[in-house]
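Chain residues, written in single-letter form:
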Amino acid sequence: MPLMPKRIKFRKQQRGSRAGTAQSGTGVAFGAYALQAMERAWITNIQLEACRVAINRATKRKGRLWVRVFPDKPVSKKPLEVRMGKGKGATEAWVAVVRPGRVLFEIDGVPEPVAREAMRLAAFKLPIATRFLQRHAGA
């Protein structure tokens, strides 16, 4: 089952603005290690699921994983070779709007080398540059 909202108020949305940096969700809040976005992008539900699977495989289902973004924005697209006009296309994908600084995934309960490798494998599945974060000892 794809990652998407159970129900929404409107079927189609405008594209919106991706400008600026993330205002919230920029620090390690739940786990000990995190994957942080360094660029802005629309991350699709398929990409997020691929990352989740990669992390679970790398950690052998040990520890706990938090997915900190949710694809709640519908993106519509008209079929190929269709003339202009006749309204907006059908919903093609669900995306999460990600701005620089946003934490995408957090993990806890696994050693640092395992977490680092899991996040590296997940980063390959994403269309943006990311970095590995650690919770500070004082926090």
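These figures come from a predicted structure and were not determined experimentally.

**A few points about the overall build of the chain**
- A count of helical and extended segments in the chain gives two helices and seven strands.
- For the chain, the spread of C-alpha atoms along the three principal axes comes to 55 × 30 × 25 Å.
- In the chain, buried positions account for 37% of the 139 residues.
- Taking the contacts inside the chain whose residues are at least 6 apart along the sequence as the reference set, 81% of them involve residues at least 24 apart.

**Looking at the nonpolar core**
- Core analysis: the largest hydrophobic core is formed by 24 residues, its most contacted members being Ile43, Val98, Leu104, Phe105 and Ile128.
- Residue assignment for this core shows that the elements contributing at least two residues are β1 (33-37), β2 (41-44), α1 (45-58), β5 (90-98), β6 (103-108) and α2 (112-124).
- It is α2 that provides the largest number of residues to this core, a total of five residues.
- Not counting residues within four places of it along the chain, the set of residues in contact with Val98 comprises Ala37, Glu39, Arg40, Ala41, Ile43, Val69, Leu104 and Ile128.

**Notes on the sheet that holds β5**
- Spatially, three strands are ordered β2-β5-β4 in an open sheet, and the strand pairing comes out antiparallel. The open sheet has two edge strands with one neighbour each: β2 and β4 (73-77). The average angle at which neighbouring strand axes cross in this sheet is 50°, direction not considered.
- The strands touched by α1 are β2 and β5; relative to β2, the strand with the most contacts, the crossing angle is about 65°.

**Topic: the environment of Gly20**
- Tracing the backbone shows Gly20 in the segment before β1.
- Separated by 80 residues in the primary sequence, Gly20 and Pro100 place their C-alpha atoms 7.8 Å from one another.
- If sequence neighbours within four positions are ignored, Gly20 has contacts with Arg40, Arg99 and Pro100.

**Thoughts on the environment of Asp72**
- Structurally, the position occupied by Asp72 is in the loop between β3 (64-67) and β4.
- Here Asp72 falls in the partly exposed class, since its relative accessible area comes to 46%.
- Among residues more than four places away in sequence, those in contact with Asp72 are Pro5, Gln13, Trp94 and Val95.

**So, the packing of aromatic side chains**
- In this structure the tally under the stated criterion is two aromatic pairs.
- Ring geometry for Phe30 versus Trp66: centroids 5.9 Å apart, planes at 20°, classification stacked. Remark: Trp66 occurs in strand β3 and Phe30 occurs in the segment before β1; sequence separation between them is 36 residues.
- In this structure Phe30 comes out as partly exposed when scored by relative accessible area, which is 46%.
- Ring geometry for Tyr33 versus Phe132: centroids 5.6 Å apart, planes at 20°, classification stacked. One end of the pair, Tyr33, is in strand β1; the other, Phe132, is in strand β7 (residues 130-134), with 99 residues separating them in the sequence.

**Comments concerning the pairing of β1**
- A large share of β1 lies buried, amounting to five of its five residues.
- Residues Tyr33, Leu35 and Ala37 of β1 are buried on one face, and the alternating residues Ala34 and Gln36, pointing to the opposite face, are buried as well.
- Sheet analysis places β1 next to β6, joined by four bridges and oriented antiparallel. Paired with Gln36 across the two strands is Val103, which belongs to β6.

What counts, and at which threshold
Residues numbered from 1 in each chain as written. Predicted model: local features only at pLDDT ≥ 70, side-chain atom pairs only at ≥ 80, totals over all residues. Heavy atoms only, no water. Helix = DSSP H or I, 4+ residues; strand = E, 2+ residues; numbered from the N terminus. Buried < 20%, exposed > 50% of the residue type's maximum accessible area, 1.4 Å probe, protein only. Contact = heavy atoms within 4.5 Å. Core = buried A, V, L, I, M, F, W, Y, C linked by side-chain atoms within 4.5 Å. Pairing = 2+ DSSP bridges. Axes fitted to C-alpha atoms, helices over the stretch in contact; angles between N-to-C directions. Phe/Tyr/Trp six-rings, centres within 6.5 Å; stacked < 30°, edge-to-face > 60°.

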